[in-house]
Amino acid sequence: MAVVFEKPKSLIDTAMHYCPGCTHGIIHRLICEVIDEMGIEGDTIGVCPVGCSVMAYDYFACDMIEAPHGRAPAVATGVKRALPDKYVFTYQGDGDLAAIGTAETVHSATRGENIVVIFVNNTIYGMTGGQMAPTTIPGQITQTTPYGRDTKTAGFPVKICEMLSALDGVALAQRTSVDSVPHIRETKNAIRKAFDNQKNNRGFSIVEILSTCPTNWGLTPVESMERLRTECIPYFPLGVYKDITETEEKK
Amino acid sequence: MKGNEALAEAAIRAGCRCYFGYPITPQTEIAAYMAKRMPKEGRVFLQAESEIAAINMVLGAASAGVRAMTSSSSPGISLKSEGVSYIAGSDLPCVIINVQRGGPGLGGIQPSQSDYWQATKALGHGDFQLLVYAPSSVQEMVDMVIKAFDNADKYRMPAMILADGLLGQMMEPVSFPEIQNNQTYKPWATNGHGNKRPHNIINSLFLQADQLEKLNFERFKRYEIVKEECPEAETYMTEDADIIVAAYGAVARIAKSAVHRAREMGIKAGLVRPITLWPFPSEIIKKSTENAKSILVTEMSMGQMVDDIKLAVECKIPVHFYGRTGGVVPTPDEVLNEIKKLGGAQ
Ligand SMILES: Cc1ncc(C[n+]2csc(CCOP(=O)(O)OP(=O)(O)O)c2C)c(N)n1
Ligand code: SF4
Ligand SMILES: [Mg+2]
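Conventions used here
- Residues numbered from 1 in each chain as written.
- Chains lettered and ligands numbered in written order.
- Predicted model: local features only at pLDDT ≥ 70, side-chain atom pairs only at ≥ 80, totals over all residues.
- Heavy atoms only, no water.
- Near = heavy atom within 4 Å.
- Helix = DSSP H or I, 4+ residues; strand = E, 2+ residues; numbered from the N terminus.
- Nonpolar A, V, L, I, M, F, W, Y, C, P; charged D, E, K, R; others polar.
- Polar contact = N/O pair within 3.5 Å; in protein donor to acceptor, adjacent residues only side chain to side chain.
- Contact = heavy atoms within 4.5 Å.
- Buried area = accessible area lost by both parts, 1.4 Å probe.
- Salt bridge = Lys/Arg side-chain N within 4 Å of Asp/Glu carboxyl O.
- Buried < 20%, exposed > 50% of the residue type's maximum accessible area, 1.4 Å probe, protein only.
- Phe/Tyr/Trp six-rings, centres within 6.5 Å; stacked < 30°, edge-to-face > 60°.
- Expected span 1.5 Å × (residues − 1).
- Axes fitted to C-alpha atoms, helices over the stretch in contact; angles between N-to-C directions.
- Parallel < 35°, antiparallel > 145°, perpendicular 65-115°, else oblique.
- Left-handed = near helix turned anticlockwise from the far one by under 90°.

A.B. asks: Before we move on, could you go through the site of ligand 2 and cite the residues and values that matter?
C.D. replies: All names here are of chain A. Inspection of the region around ligand 2 gives Tyr 18, Cys 19, Cys 22, His 24, Cys 52, Asn 122, Gly 126, Cys 213, Pro 214, Thr 215 and Asn 216 as its neighbouring residues. Per-element accounting of the shell around ligand 2 gives the leading share, three residues, to helix α8 (residues 214-217). Split into classes, the residues belonging to the shell around ligand 2 amount to six nonpolar, five polar and no charged.

Written out as structure tokens, the structure reads:
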């Protein structure tokens, strides 16, 4: 019998702690597919800070570091500077990357730190039980915006790809989603491009992935996918915000 | 050589592969020296966006298995405390330099020793300790940073050099020791498993209470070994002394000249100088003060070391205190006056 579908080798064969319908699992898998394709598991170090994916060190078969909340890009900088020949990626939530860790995000990006940042934007603080995130959409109900996010008092969401694409150190800033097969394919291609950038010393690559949190959105997994399409993608448009390989080709 | 620069040069010779820092007076010479020398040695110098980022870069480099260092002064050390706790909780070695200035808050930029409590008792949340070395000369800045790197690796824990603005800016002749081996084998490092070993994990998260407790127990068992192997103190004219001055760092030099002058005046004074502040050299202090009638603790703080001295002597003899704070450096005359008061009282 021909094997047509397998678990990636760099994804450890174990039960995951994620809630049913959560897309963290899909994203883990896509990263591992890329690692397998490039044959770099033995040369890769992953950095997972606080958030629902804090225990991702039990899932990725490469060497792993658990970082303080928001500090993964600084930790990754330390690893990459010490070991410039290795591949280093971070895996961060929206609270982590766009609130408490904003300084680390912006400065690792502007330094052109040669790392891959996987940014899982689920518009909420998943791990702590569903509070407002910097990316919570206006009107969205969370534990700390019980009447819906009111931009008059809680301000507006942070649009990371738009922001970072203005920085010279950034090689790739792309927003994708995992709501459909084509979008999942696109996400994988973006992750591959990010790792290729690291291989070719192009600098900082971020892939922002719109992701679900059925548990704290109070929706079923199917409804959550629908919300990605009807609410999240319109507010956070998918696309390539910056790609220096494209501008290089045009030159 | 200037204290801060001598320390930086010693760190390079001790095999420091990565330095991460953020400007703050009075330690900026360390960063400036590193910026000049590290790239020439093919090593890493990086000016971080904050002390928080700098200590987390240290966490990353230490995880990768290389010798890493950061330096700062008091307000910056406060920002590092989160990272230091994670480093300790992940059993990572690194070296942290604190060239103390007056506090609290933004305080001042003059020399101070008011981060003693922070360094020895609470540099971050949770159950952990740091090795804390207190140099009192430029030569000791050199010797201790080398020792700090070695012992941080040996015991897998962060080590701090607790200096002050006086030592950082002081010029003194120094010699650099020959260093044979400045690398340690670190099988636990997350440096890429190369498909040759199971994956390594650097982590301080343990959601099972009994598992976390077990790790804390193990760490503190290691600390017991540190307490046996590492305490250091200098004793000076303590054998027949009636009054013993206890001081560390730059203040110990001032205290020493006060002790000299007291001796000239016929007062039997002596000095005990803790070199490691954690582990605290309680045994040495206890032994060297056995025959003394009283102790005078003198510091550039409001008396942060006093309780440790009292515990060391088990409160068997009176422990007095004379200190200046906020960046004011006590003079030998001031200390001598205190000695005279106590000497005369007997
Ligand atoms: C310094 C600090 N502050 C707060 C927390 C609590 N905390 C844990 S996870 C989290 C939010 C995570 O949200 P996000 O980054 O969006 O990740 P998600 O769980 O949604 O995947 C917070 C606030 C912490 N661990 N450390
Ligand atoms: S809380 Fe949300 S983000 Fe976290 S695992 Fe559950 S569904 Fe996923
Ligand atoms: Mg989130």
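A.B. asks: Mind laying out the site of ligand 1, listing which residues take part and the relevant values?
C.D. replies: The immediate surroundings of ligand 1 are formed by 17 residues, with Cys 52, Asp 94, Asp 96, Gly 126 and Met 127 of chain A found nearest. What surrounds ligand 1 is not a single chain but chains A and B. At a separation of 3.1 Å, an oxygen atom of ligand 1 approaches a polar backbone atom of Ile 124 of chain A. The contact in question runs from an oxygen atom of ligand 1 to an N or O atom on the backbone of Gly 126 of chain A, over 2.8 Å. The leading source of residues in the shell around ligand 1 is helix α3 (residues 94-100) of chain A, at four residues. When the residues that make up the shell around ligand 1 are grouped by side-chain class, the tally is six nonpolar, eight polar and three charged.

A.B. asks: Go over the interface of chain A and chain B, please, and point to the residues and values.
C.D. replies: Each partner contributes to the interface: chain A provides 35 residues, whereas chain B provides 34 residues. Here chain A and chain B share an interface that buries about 2,600 Å² over both sides, 59% of which is from carbon and sulfur atoms. The largest contributions to the chain A side of the interface with chain B come from Tyr 57, Asp 63 and Glu 66 of chain A, which together make up 21% of the buried area. A salt bridge links Glu 49 of chain B to Arg 111 of chain A; its shortest N-O distance comes to 3.0 Å. The interface formed by chain A and chain B holds 18 residue pairs in polar contact (both at pLDDT 80 or more) in total. Listed by contribution, the elements that provide at least two residues to the side of chain A that touches chain B are β1 (44-49), β2 (63-67), α2 (72-82) and α4 (102-110) of chain A. When residues of the side of chain A that touches chain B are assigned to their parent elements, the largest contribution, seven residues, is made by α2 of chain A. Its residues assigned to classes, the side of chain A that touches chain B shows 19 nonpolar, six polar and ten charged.

A.B. asks: Before we move on, can you summarise helix α1 (residues 3-13) of chain B with the specific residues and values?
C.D. replies: All names here are of chain B. With nine of eleven residues buried, α1 is to be regarded as a mostly interior element. Buried within α1 are the following residues: Gly 3, Asn 4, Ala 6, Leu 7, Ala 8, Glu 9, Ala 10, Ala 11 and Ile 12. Where the residues of α1 are buried, they touch α2 (28-37), β3 (68-72), β4 (94-100), α6 (138-155), β6 (158-164) and α7 (165-169).

A.B. asks: Account for the packing of aromatic side chains, with residues named and values stated.
C.D. replies: Residue and element names in this part refer to chain A. In this structure the tally under the stated criterion is nine aromatic pairs over all chains. An angle of 70 degrees between the planes, with centres 5.4 Å apart, marks the rings of Phe 60 and Phe 89 as edge-to-face. Taken together, the positions of Phe 60 in the loop between β1 and β2 and Phe 89 in strand β3 (residues 87-93) put the pair 29 residues apart, joining distant regions of the chain. For the pair Phe 60 and Phe 89, a shared accessibility class is recorded, and that class is buried. Feature note: the residues Phe 60, Phe 89, Tyr 91 and Phe 195 constitute an aromatic cluster, connected by ring pairs.

A.B. asks: Outline helix α1 (residues 24-38) of chain A, supporting the account with residue identities and numerical values.
C.D. replies: Residues and elements named next belong to chain A. With 15 residues, α1 ought to run about 21 Å at 1.5 Å a step, and its terminal C-alpha atoms sit 22 Å apart, in line with that. Of all 15 residues in α1, twelve are buried; the element is thus mostly enclosed. Of all the residues in α1, the buried ones are His 24, Gly 25, Ile 27, His 28, Arg 29, Leu 30, Ile 31, Cys 32, Glu 33, Val 34, Ile 35 and Met 38. At its buried positions, α1 is contacted by β1, β3, β4 (116-121), α7 (181-199) and β6 (204-210). At the exit of α1 stands Gly 39, carrying a positive phi of roughly 65 degrees.

A.B. asks: How would you sum up the packing of α1 of chain B against α6 of chain B? Please name residues and give values.
C.D. replies: Residue and element names in this part refer to chain B. Contact geometry for α1 and α6: axes closest at 8 Å, N-to-C directions at 30 degrees. Relative to α6, α1 is oriented roughly parallel. Every pair of crossing elements has a handedness; the one defined by α1 and α6 is right-handed. Between α1, through Gly 3, Asn 4, Ala 6, Leu 7, Ala 10 and Ala 11, and α6, the contact on the second element is made entirely by Val 138, Met 141, Val 142, Val 145, Ile 146 and Phe 149. Taken together, the residues of the contact of α1 with α6 sort by class into ten nonpolar, two polar and no charged.

So, to be careful, I would describe these as geometric facts and stop short of saying anything about function.
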